[in-house]
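Summary of the model geometry
Here is what each chain is made of, one letter per residue.
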Amino acid sequence: MKRIAAVLLFLALPMFARADTQWILKSSTLTYHVTHPLHEVEGVSHAARGEGKCHAGECDFLVAVTVKSFNSGDSNRDLHMLQVTKGAEFPIITVRFHLPQSALSEKTIHCDLRIHFAGQVVTYKQVGFQQTIQGNEHQITGTIPATVSDFKINPPKLLMVPIHNQIPVDVDMTWQEE
Amino acid sequence: MNPDRRIASFWLSAVCFLVFLTSFTAHAQATAGVSGKVTGPSGKAIASAQVAIKNLATLESTNTRTDSAGVYSESNLMPGDYQITVSAEGFDSESASVSLVAGAAQAKNFTLTPTLTLAQLGISPQQAEGSPQEQARLNKRSHMLQIHQRLGLITTIPLIATVVTGAFSGGKPAVTSSTTRDLHAALGATTAGLYFATAYYAIFAPKIPGTKAEGPIRFHKALAWIHGPGMILTPILGAMAFSQRASGERVHGIAKLHGQVAIITAAAYGLAILSVTLHSGPGSHAAHAFLNLFRHKRSISVHAAFDGVPAQTGVR
């Protein structure tokens, strides 16, 4: 009897293996911060799209957002931002990251972000995010420590004074498991 | 030389040459090769894909990359069983086993599956593809507006000097000197010249279709309707006043408005500069009150951002 139970349990093991899951980005707020001696500027976008796939215990995610979806409340400044970031030539910002599926249940997650922006590809290693889980929705918040020099952007100037190199991007995303 | 020896020497050379030639072919027949093409799901070639060819007996790996046509090729491999693994950024890796036979070149093609693609997010290739022409237009616009900004700042110098000398250019003929009036007139002419050069770069900077003015720039543009006509009227009234004074008359009639018009013009010009310079910090509260009259409420929609593409596919 014990042998039969052991055989049945062995045969059932694949059922307990991590099932493939898919994730969709339900909502997002991305905010970039630019600092100048005369200005503190924020540009906000709610237009990101994203998808994630988990297979064999590993998950891959892709998030995409257009450069021109960011709005700072000043159309002249937004057009200038579009120009210096080559947003007409490279209209889409993509972020790819990889997580072990086990990380999806943790309060704090760290991952490497591979970002395509302004014609450059930059990897930010071990960026930390906070995670809040409500049912099948996961809210992820954190800050990407982006800089102007990383993406080889010519820093805009006002009155011949350039902006600061740091352009951190605050991330607030809600992912839903399908 | 003895003819017999000559003939023997010839045949000996021929045999040596044949032996030499045969040694190459023998070596070639002892090795094997593999080649193939790596493509994506649409058949498009994948350049610079990494190809690892691993001998399953010796566990030695030979690494190569696909060329611009997506083709890889490796020869001089020992015959035997191999595992070929192909990987490229944005694609799932693929592996296949091949058996290489001496003297033959095996063909093995791969089709890689994209890991996650923009198309899956509802972003078409046309949307993802940029426009160098549009970028060039933006670059020209920014360049011209930079010149506009710098000329505008430079113009403030003779403008301020004109206003200051203006205080000593009017009044009774006995009080003010003609030299001061001449200086005031010259500074005014310089100011006007720089002003219209500044305006040129703003007016003729390329417009970007589909964008609506929003924020402080609206106030900046609105003020141009004050200082623009003012900068035309002020020199005209100034010339009339200058002529009257040169004739020994007191300034009268419409020419008397020269000073007031000049002050309003200069004030509007100064506000226009401040409106696009100071957005935060002390001393900007008055400007903020004016600016709030022109600010639009922000409203971002996915549809607007992706130019009318339907809502993200895959949302259930």
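Cut-offs applied
- Residues numbered from 1 in each chain as written.
- Chains lettered and ligands numbered in written order.
- Predicted model: local features only at pLDDT ≥ 70, side-chain atom pairs only at ≥ 80, totals over all residues.
- Helix = DSSP H or I, 4+ residues; strand = E, 2+ residues; numbered from the N terminus.
- Buried ≥ 20, exposed ≤ 12 C-beta atoms within 10 Å, placed from the backbone.
- Contact = placed C-beta atoms within 7 Å.
- Nonpolar A, V, L, I, M, F, W, Y, C, P; charged D, E, K, R; others polar.
- Axes fitted to C-alpha atoms, helices over the stretch in contact; angles between N-to-C directions.
- Parallel < 35°, antiparallel > 145°, perpendicular 65-115°, else oblique.
- Left-handed = near helix turned anticlockwise from the far one by under 90°.
- Core = buried A, V, L, I, M, F, W, Y, C linked by C-beta atoms within 7 Å.
- Pairing = 2+ DSSP bridges.
- pLDDT = per-residue confidence, 0-100.
- Expected span 1.5 Å × (residues − 1).

Below, the discussion takes up the overall build of chain B. Helices and strands together make up the secondary structure of chain B, namely eight helices and eight strands. Residues classed as buried in chain B amount to 22% of the 316 residues present. For chain B, the share of sequence-separated contacts (at least 6 apart) that also reach a separation of at least 24 residues comes to 65%.

All right, on to the overall build of chain A then. If you tally the helices and strands in chain A, you get two helices and 11 strands. Secondary structure elements of chain A occur, N-terminal to C-terminal, as α-β-β-β-β-α-β-β-β-β-β-β-β. Buried positions account for 37% of the 178 residues belonging to chain A.

A word on the interface of chain A and chain B. At the junction of the two partners, chain A supplies 33 residues and chain B supplies 41 residues. Class assignment of the residues belonging to the side of chain A that touches chain B gives a composition of 12 nonpolar, 12 polar and nine charged.

Now for the environment of Leu257 of chain B. All names here are of chain B. Counting through the fold element by element, Leu257 comes out in the loop between helix H5 (216-246) and helix H6 (258-275). The class for Leu257 is partly exposed, based on 16 C-beta atoms found within 10 Å. Counting along the chain gives 16 residues from Leu257 to Ala241, while the straight-line C-alpha distance between them is 9.3 Å.

What follows deals with the packing of helix H4 (residues 178-203) of chain B against H5 of chain B. All names here are of chain B. Where H4 meets H5, the closest approach of the two axes is 11 Å, and the angle between their N-to-C directions is 160°. Taken together, H4 and H5 sit at an angle that is classed as roughly antiparallel. Considering the relative orientation of H4 and H5, their crossing is left-handed. Residues Arg181, Ala185, Gly188, Ala192, Tyr195 and Ala199 of H4 form the contact with H5, whose own contacting residues are Gly228, Met231, Pro235, Gly238, Phe242 and Arg245. Looking at the contact of H4 with H5, its residues break down into seven nonpolar, three polar and two charged.

Let's shift gears to helix H2 (residues 75-84) of chain A. All of the buried residues in H2 of chain A are Arg77, Asp78, Leu79, Met81, Leu82 and Gln83 of chain A. In the core, the buried residues of H2 of chain A are packed alongside strand E2 (39-45) of chain A together with helix H3 (132-166) of chain B. Of the residues flanking the end of H2 of chain A, it is Lys86 of chain A, one or two places downstream, whose phi is positive at about 55°.

Let us now look at the nonpolar core. Residues and elements named next belong to chain A. Judged by nonpolar contacts, the single largest core of 41 residues is most densely connected at Ala48, Leu62, Val63, Ala64, Val65, Leu82 and Ile93. Residue assignment for this core shows that the elements contributing at least two residues are strand E1 (21-36), strand E4 (58-66), H2, strand E5 (92-100), strand E6 (108-117) and strand E11 (169-177). Examining the composition of this core, we find that six residues originate from one element, E4, more than from any other. Leaving out residues up to four positions away in the same chain, Ala48 has contacts with Leu25, Ser28, Leu30, Val63, Ala64 and Val65.

Turning next to the pairing of strand E2 (residues 50-55) of chain B. Residues and elements named next belong to chain B. In the sheet, E2 pairs with strand E3 (residues 61-65) via five bridges, with the strands oriented antiparallel. Of the residues in E3, the one forming a bridge with Ala52 is Asn63. Here E2 folds back onto E3, and the loop between the two strands holds five residues, one of which, Leu59, carries a positive phi near 65°. Bridging between E2 and strand E5 (residues 80-87) involves six bridges; their strand directions are antiparallel. Paired with Gln50 across the strands is Ser87, a residue of E5.

A word on the confidence of the model for chain A. Averaged over chain A, the pLDDT score is 89; the fraction of residues at 70 or greater is 90%. Low confidence marks residues 12-17 of chain A, where pLDDT is under 50. Its contacts with residues over four positions away, or in another chain, come to zero contacts.

Residue and element names in this part refer to chain A. Of all 15 residues making up strand E7 (residues 120-134), only one are buried, and the element is barely covered by its neighbours. Note: E6 against E7, nine bridges, orientation antiparallel. Following the sheet pairing, Leu113 is matched in E7 by Tyr124. What sits between E6 and E7 in their antiparallel hairpin is a turn of two residues, with Ala118 showing a positive phi close to 55°. Inspection of the sheet shows E7 paired to strand E8 (residues 137-144) by six bridges, in the antiparallel sense. Among the inter-strand pairings, Ile133 is bridged to a residue of E8, identified as His138. Hairpin connection of E7 to E8: two residues between the antiparallel strands, including Gly135 at a positive phi of 65°.

Quick look at the sheet that holds E5 of chain B now. Remark on secondary structure: sheet strands pair via backbone hydrogen bonds, oriented parallel or antiparallel. Residues and elements named next belong to chain B. Pairing is antiparallel across the open sheet formed by four strands, whose spatial order is E3-E2-E5-E6. Across the chains shown, the open sheet's two edge strands, defined by having one partner strand only, are E3 and strand E6 (94-100). Looking at each pair of strands side by side, their axes are set apart by 20° on average, direction ignored. Both E5 and E6 contribute to a ladder of seven bridges, which runs antiparallel. Opposite Thr85, over in E6, you have Ser95 as the bridge partner.

Let's shift gears to the confidence of the model for chain B. All names here are of chain B. Confidence in the prediction of chain B, expressed as mean pLDDT, is 84, and 80% of residues score 70 or more. In the model, residues 280-287 has pLDDT below 50 throughout and makes nine contacts with residues more than four positions away in sequence or in other chains. Across the interfaces of the predicted complex, the ipTM metric reaches 0.84, alongside a pTM of 0.68.

The next thing to look at is H6 of chain B. Look at H6 of chain B: 26 Å from first C-alpha to last across 18 residues, which is about the 26 Å you get at 1.5 Å a residue. Among the residues of H6 of chain B, those classed as buried are His258, Val261, Ala262, Thr265, Ala266, Tyr269, Ala272 and Ser275 of chain B.

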